[in-house]
Amino acid sequence: MIYFLIGAVVIFLLFALAIATYSTAQLEDTFDKCNNVPCNRKITGGEFALELTNKVFNSKISVGRTKGYLNDGYSSKSKMVVLSEATCDVASVGALTVVAHEFGHAKQDLTNSKKFKLNKTLSKIVRIIGYFMFPFAIIGLFLFLIFPEMYYIGLTCLAISLGIFILAISLKLATIPLEKDASKKGLQLLRETETFDEEEMKLAKELLNSALLTYIGDFLRSILWWTFLTKKSKLF
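Just so it is clear, the model here is predicted, and its values are computed rather than measured.

One can find Glu 192 in helix 7 (residues 151-192). Classification of Glu 192 as exposed rests on a relative accessible area of 55%. In sequence terms Glu 192 and Val 56 are 136 residues apart; their C-alpha atoms lie 9.5 Å from each other.

Right, here's the structure in full:
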């Protein structure tokens, strides 16, 4: 039985490592592919973003710009979609797809999605308590190993540290369906605005599926955080 469990753990670790390593490279390859396909409407990602915020979102969402590559995002606090240079200045299927996805998050926010609001609230809480994970782990190990008479206190500190870690990776797991829903809403925006034809929609779906895989990879990297086998994932 023990060998079966060890084998199962090893297989899981290898599988998780493969997905975590593959996901980021897959997204970059798919984005580069889609970003080299000009969109039929001949508008840049920035122009499409302004069109969406003015015609669909009634100017409730602002558009910002940042340097970088694939670091686009949506801020619920400032109600702003922030676009990277690779998205903002390019008139491609890839750029417009990324814009649509980020406005999918904006739609989640403005429609008062309970899951979206809860995720944002929990993210703030986990970010704060995350500062205590390492101190509790260090204190717990110290008491557990050096002061046997304080065994239970050390064990409690280690349990708290482990609980914070589990909460962090659970939040990453809960993020996956939110990202999938944002992509679904983004595709709806592309259809409603008649931005893409059928061939472009196929490429958009391919890119968004690759993007979703990166969130699965990020979740798996978080699980593998303690193994030092893969690139570190931001826990908090």
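There is more to say after this.
This next bit is on the pattern of salt bridges. Taken as a whole and assessed by the stated rule, the structure comprises nine salt bridges. Measuring nitrogen to oxygen at the nearest pair gives 3.3 Å for the salt bridge that ties Lys 79 to Asp 109. Pair noted here: Lys 79 is in the loop between strand 2 (73-75) and strand 3 (80-84) and Asp 109 is in helix 4 (residues 93-110), with a separation of 30 residues, a long-range link. For Asp 109, a relative accessible area of 2% puts it in the buried group. Between Lys 185 and Asp 181 there is a salt bridge, with its nearest N and O atoms 2.9 Å apart. Linking Lys 185 with Asp 181, this pair stays in helix 7, spanning four residues, or about one helical turn.

With mixed pairing, the three strands of this open sheet are ordered in space as 1-3-2. Since the sheet does not close on itself, it has two edges, and those belong to strand 1 (62-66) and strand 2, each with one partner. The average undirected angle you get between the axes of adjacent strands in this sheet is 25 degrees. Sheet topology places strand 2 next to strand 3; three bridges connect them, and they run antiparallel. Along strand 3, the bridge assignment pairs Gly 73 with Val 82. Against the sheet, helix 4 engages strand 1, strand 2 and strand 3, with an angle of about 25 degrees to strand 2.

With that settled, the discussion passes to the packing of aromatic side chains. Ring pairs (aromatic) are described by centroid distance and by the angle formed between their planes. In this structure the tally under the stated criterion is six aromatic pairs. Between Phe 31 and Tyr 69, the aromatic rings sit 5.7 Å apart at their centres with planes inclined by 75 degrees, giving edge-to-face as the arrangement. On the criterion of sequence distance, the pair formed by Phe 31 in helix 1 (residues 2-35) and Tyr 69 in the loop between strand 1 and strand 2 is long-range, its members being 38 residues apart. Consider the rings of Tyr 74 and Phe 116, whose centres lie 6.5 Å apart with planes at 45 degrees: the pair is tilted. Taken together, the residues Tyr 74 in strand 2 and Phe 116 in helix 5 (residues 114-129) connect sequence positions 42 residues apart.

With that settled, consider the packing of helix 5 against helix 7. Direction vectors running N to C along helix 5 and helix 7 enclose 155 degrees, while the axes themselves pass 10 Å from each other. Judged by the inter-axis angle, helix 5 sits roughly antiparallel to helix 7. In this structure, helix 5 meets helix 7 at a crossing whose hand is left-handed. Of the residues in helix 7, those touching helix 5 at Lys 115, Phe 116, Asn 119, Leu 122, Ser 123, Val 126 and Ile 129 are Ile 164, Leu 167, Ala 168, Leu 171, Ala 174, Thr 175 and Leu 178. Each residue belonging to the contact of helix 5 with helix 7 can be placed in one class, and the counts come to 10 nonpolar, three polar and one charged.

With that settled, consider unusual backbone geometry. Positive phi, close to 50 degrees, is recorded for Asn 58, a residue that is not glycine. Within the secondary structure, Asn 58 is located in the loop between helix 2 (45-55) and strand 1. For Asn 58, a relative accessible area of 54% puts it in the exposed group. Unlike most non-glycine residues, Lys 79 shows phi in positive territory, near 55 degrees.

A few words on the nonpolar core. As a rule of thumb, soluble globular proteins bury nonpolar side chains together. Grouped together as the largest cluster of nonpolar side chains are 35 residues, with contacts concentrated most on Phe 48, Phe 103, Leu 190 and Phe 196. Elements with a contribution of two residues or more to this core: helix 1, helix 2, strand 3, helix 3 (85-88), helix 4, helix 7 and helix 8 (198-223). For this core, the leading source of residues is helix 4, giving eight residues. When residues no more than four places from it in sequence are discounted, the contact partners of Phe 196 are Cys 39, Val 93, Leu 96, Thr 97, Leu 190, Met 201 and Ala 204. The next biggest cluster of nonpolar side chains, apart from the first, holds 18 residues, and it includes Ile 19, Val 126, Ile 169 and Leu 171.

Parameters at a glance
- Residues numbered from 1 in each chain as written.
- Predicted model: local features only at pLDDT ≥ 70, side-chain atom pairs only at ≥ 80, totals over all residues.
- Heavy atoms only, no water.
- Helix = DSSP H or I, 4+ residues; strand = E, 2+ residues; numbered from the N terminus.
- Buried < 20%, exposed > 50% of the residue type's maximum accessible area, 1.4 Å probe, protein only.
- Salt bridge = Lys/Arg side-chain N within 4 Å of Asp/Glu carboxyl O.
- Pairing = 2+ DSSP bridges.
- Axes fitted to C-alpha atoms, helices over the stretch in contact; angles between N-to-C directions.
- Contact = heavy atoms within 4.5 Å.
- Phe/Tyr/Trp six-rings, centres within 6.5 Å; stacked < 30°, edge-to-face > 60°.
- Parallel < 35°, antiparallel > 145°, perpendicular 65-115°, else oblique.
- Left-handed = near helix turned anticlockwise from the far one by under 90°.
- Nonpolar A, V, L, I, M, F, W, Y, C, P; charged D, E, K, R; others polar.
- Core = buried A, V, L, I, M, F, W, Y, C linked by side-chain atoms within 4.5 Å.

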